[in-house]
There are 2 protein chains.
Amino acid sequence: MKIRSLFILSLFWLCEVTAQTDSSIIAQMYRTALTKGQSYQMLEQLAGGIGGRLSGSPQSYKAVAWGKKVMEKWGFDSVWLQPCMVPHWVRGAKEECSVKYSKGKLFTSEKLRICALGGSMATPKEGITAEIVMVDSVSELAKLGEAKVKGKIVFFSRPMDRAKITTFEAYGGAVDQRYSGPSEAAQYGAVGTIVRSMDIGISDYPHTGTMKYNDSFPKVPCGAISTQAAEDLMKILKTDPHAKLYMKMNCKTLPDTLSYNVVGEIRGSEKPEEIICVGGHLDSWDNGDGAHDDGAGCVHSIEAVRLFKALGIRPKRTIRAVLFMNEENGVRGGNKYAELAKLNNEKHIVAIESDGGGHVPKGFGMSGASEEQMKKFMEFAKLFQPYHVYEFTNHGGGTDIGPLREQGVPQMGFIPDSQRYFDLHHTEIDIMKNVNRRELELGSATIGAMLYLLSEYGL
Amino acid sequence: MKIRSLFILSLFWLCEVTAQTDSSIIAQMYRTALTKGQSYQMLEQLAGGIGGRLSGSPQSYKAVAWGKKVMEKWGFDSVWLQPCMVPHWVRGAKEECSVKYSKGKLFTSEKLRICALGGSMATPKEGITAEIVMVDSVSELAKLGEAKVKGKIVFFSRPMDRAKITTFEAYGGAVDQRYSGPSEAAQYGAVGTIVRSMDIGISDYPHTGTMKYNDSFPKVPCGAISTQAAEDLMKILKTDPHAKLYMKMNCKTLPDTLSYNVVGEIRGSEKPEEIICVGGHLDSWDNGDGAHDDGAGCVHSIEAVRLFKALGIRPKRTIRAVLFMNEENGVRGGNKYAELAKLNNEKHIVAIESDGGGHVPKGFGMSGASEEQMKKFMEFAKLFQPYHVYEFTNHGGGTDIGPLREQGVPQMGFIPDSQRYFDLHHTEIDIMKNVNRRELELGSATIGAMLYLLSEYGL
């Protein structure tokens, strides 16, 4: 009995010591990130320096070279590129949009701020001019049918639900209009579509984003107008239902082109075959400089791994930063990464993605984990409380790590605060000056701390 | 046994129902704030419209009139003013500062961005020019003593500790240099002082703030230079320890003047004599428009009470919004409020203050509560989790409610996220455009929810 008690006591003591060590290492990570962190400087180079970097653009190639160079500079054990073919869409000259309507007996015209959706075809050179059918959903569109839609421009007008606490939830509830709306409208004979931007507030910045044509239907040009323009247009349509919209877009899809994921890792000391990967996507939309989406995720990932080097910690398991190419309009990089992981029999124990911006860290959400794994994950939570990181949820992940998930790898999404994200997402104001240094560095420390726990204890 | 079980079951059911009601009312508060909240519009009037409103300034009187009018407009049961005498300090013409130093064999000069500290005297008309003694603390100053300090300008150079997770903690660790540094330096014969701004990062915005002369020592002019200027100056002093600083300030303290707290309340239906007050301070520094400090706290307080009207909820206890005058340089409003509360035998069960800016809500901290009260407070916490409000701590409060605390009233501080606060606190960029609508409205909902629980259950 005595011996057993002693044994239990020793175990208890061991656990205590381990907990202390973990918390002190995590404290060092936060301290280092806040005082000597490199995330912000890296982001100044990637977003501020290189700028928007849509797949296939000259900037995207600069970003690949930058990512490789910077991971080599930090002394990662290996850094390599993964070639993959990506779509190559170009916006062309600035889009135009206006509405012409009657005001009493006079006709008047108002410009509306618009941008083409990624993947859209161009309008004819002279643009399109047509009457407008406003719908708040695909189902309302279906009810109207060809009789009311043919020859018109469909305006998808449903706003994001501002009552949602998490803005990503509001995004999820509205983005179908942007993604599949154009083909849904085209099947009833629409000649073009516009969508109210995925903006949680009212601003005059149009939000671009990807859409997907359904090959069964004709293709029509599609754009997003700012939420301010959408509000204006709704008022105009109340007074003049026959108002006509003019839109001109000059975009083009070029042949697929070769691009790359950038991968860098530090090999584990005890179980090098067990890989924990963390990534963001290197491509971004072309209108801003992709500082939050997803420059932040890229520098979070690099910095989280770099913190091990900075603190002289050799992880027990292999930790790997991945800069995925082509999240925005194809996920070719994410697919390629998973394909190669399978081909090379790599054993990923978990994949983490940061693709929610560089705002203040709130936690992590995990999907695809067993009950036991989820329990372990939840036990990590208390170590994050001193840093005001409280959200540990049972759903989360990322677009780029989705294909790994299909191979049975649990996935984890880093959760930053979301309140400001859809003010700037996919717009010309997703730029470096809207990133806060401390918030960004805190994100890297939070991911670094999670990497540390995973590399020590597995999942 | 059966009856007892039934009784327990009923109790359980009652608790469940109550919990559901509370959570559904709280949900309505958040929904209303996010979709029809008035905080942002009110702040546009107060900060954007009226501007900086230091005690005694014309803007401060406009702010008093605005506060009264707006609470009347929302239909509070009673709205009144509490007269109090306040200090009246004016900045005067823009301050000047430069450093002259040798660079090799040449002399050169560099401008440094400065602002006078609130309460400082002016320099002579021709300014002051003197050599600089750089110290990182009052204790280092004491070690140097009169021999090294006399006739010089003391430069307090210790930065805020960026490693702190909460920036208020970093502020607390550095602000003594600003507050008592001038008199500490004057006792050793310094002719003026400058302090590195209380800025958590590096920027070229000087941060003003109050200081306090010690009547036992001579008075000297004192200003804050931007953190960028402080960094530059530190480098200059390394190459030329005899560099000379020039500073010119034109501020003046006028006679005390009459001003007002603005108070508005909704009377409780069951225990109207039990008062729960929530406040922010109506005065602000003069260089920005005091949008975060503390326009946010004012509109949080008004809106938290207004939400009861908007939802048709009559509180059981009396809830009261207080816009305190003169937090920044005297706390005369806070003292007057407590004095009158005592005089009128008012029974405050708890006082809440919002004076940490309008960023995303994180929780509340409470001080001066009994063990039982603290337990009740902690039980409220779970109702806030759906809104990502997790911090319930056993320390917190506010400057304006401090005097009530001395009468034994527990005090509670609303905790918003602090990462960005000391980028803009007391500067020309504490302005409306740096306030995020959703973050602000979420703060009001969070305080409204806390008011609701306190008005239902007391403390």
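Our subject is the structure that appears above.
Because the structure is a prediction, the values reported are computed rather than measured.

A.B. asks: Give me the interface of chain B and chain A: which residues, what numbers.
C.D. replies: Chain B puts 23 residues into the contact, and the matching count from chain A is 23 residues. At the level of secondary structure, the elements contributing two or more residues to the side of chain B that touches chain A comprise α1 (2–36) and α14 (437–457) of chain B. No other element matches α1 of chain B, which puts four residues into the side of chain B that touches chain A. Tallied by class, the residues present in the side of chain B that touches chain A amount to nine nonpolar, five polar and nine charged.

A.B. asks: Could you give an account of the environment of Trp 74 of chain A, with specific residues and numbers?
C.D. replies: On the secondary structure map, Trp 74 of chain A appears in the loop between α3 (58–73) and β1 (78–90). With residues up to four places along the chain from it excluded, the contact list for Trp 74 of chain A reads Arg 306 and Lys 309 of chain A.

A.B. asks: Provide a residue-level description of the sheet that holds strand β4 (residues 114–116) of chain B, including the pertinent values.
C.D. replies: Residues and elements named next belong to chain B. Across the sheet, which stays open at both edges, the eight strands sit in the order β3-β2-β9-β5-β6-β7-β8-β4 with mixed pairing between neighbours. In this open sheet, the two strands that pair with only one neighbour each are β3 (106–111) and β4. In this sheet, neighbouring strand axes are inclined to one another by 30° on average, regardless of whether the strands run parallel or antiparallel. Pairing analysis gives four bridges linking strand β6 (residues 153–156) to strand β7 (residues 192–196), with the strands arranged parallel.

A.B. asks: Account for the nonpolar core, with residues named and values stated.
C.D. replies: Residue and element names in this part refer to chain A. The biggest cluster of nonpolar side chains holds 78 residues, and the ones touching the most others in it are Leu 43, Leu 46 and Leu 451. With 10 residues, helix α14 (residues 437–457) is the largest single contributor of residues to this core. Not counting the four nearest positions on each side in its chain, Leu 46 is found in contact with Ala 63, Trp 66, Gly 295, Cys 298 and Val 299.

A.B. asks: Give me the lowdown on the relation of the copies chain B and chain A, citing residues and values where you can.
C.D. replies: Relative to chain A, chain B is turned by 180° and slid 0.0 Å along the rotation axis, the superposed coordinates differing by an RMSD of 0.0 Å. Read as a symmetry element, the transformation amounts to a two-fold axis. Within chain B, the C-alpha atom positioned nearest to the axis of rotation is that of Tyr 390 of chain B, 3.5 Å from it. The share of interface residues of chain B whose copies in chain A are also at the interface is 100%, consistent with both copies meeting through the same surface.

Rules and cut-offs
Residues numbered from 1 in each chain as written. Chains lettered and ligands numbered in written order. Predicted model: local features only at pLDDT ≥ 70, side-chain atom pairs only at ≥ 80, totals over all residues. Contact = placed C-beta atoms within 7 Å. Helix = DSSP H or I, 4+ residues; strand = E, 2+ residues; numbered from the N terminus. Nonpolar A, V, L, I, M, F, W, Y, C, P; charged D, E, K, R; others polar. Pairing = 2+ DSSP bridges. Axes fitted to C-alpha atoms, helices over the stretch in contact; angles between N-to-C directions. Core = buried A, V, L, I, M, F, W, Y, C linked by C-beta atoms within 7 Å. Buried ≥ 20, exposed ≤ 12 C-beta atoms within 10 Å, placed from the backbone. Least-squares fit on C-alpha atoms with pLDDT ≥ 70 in both.

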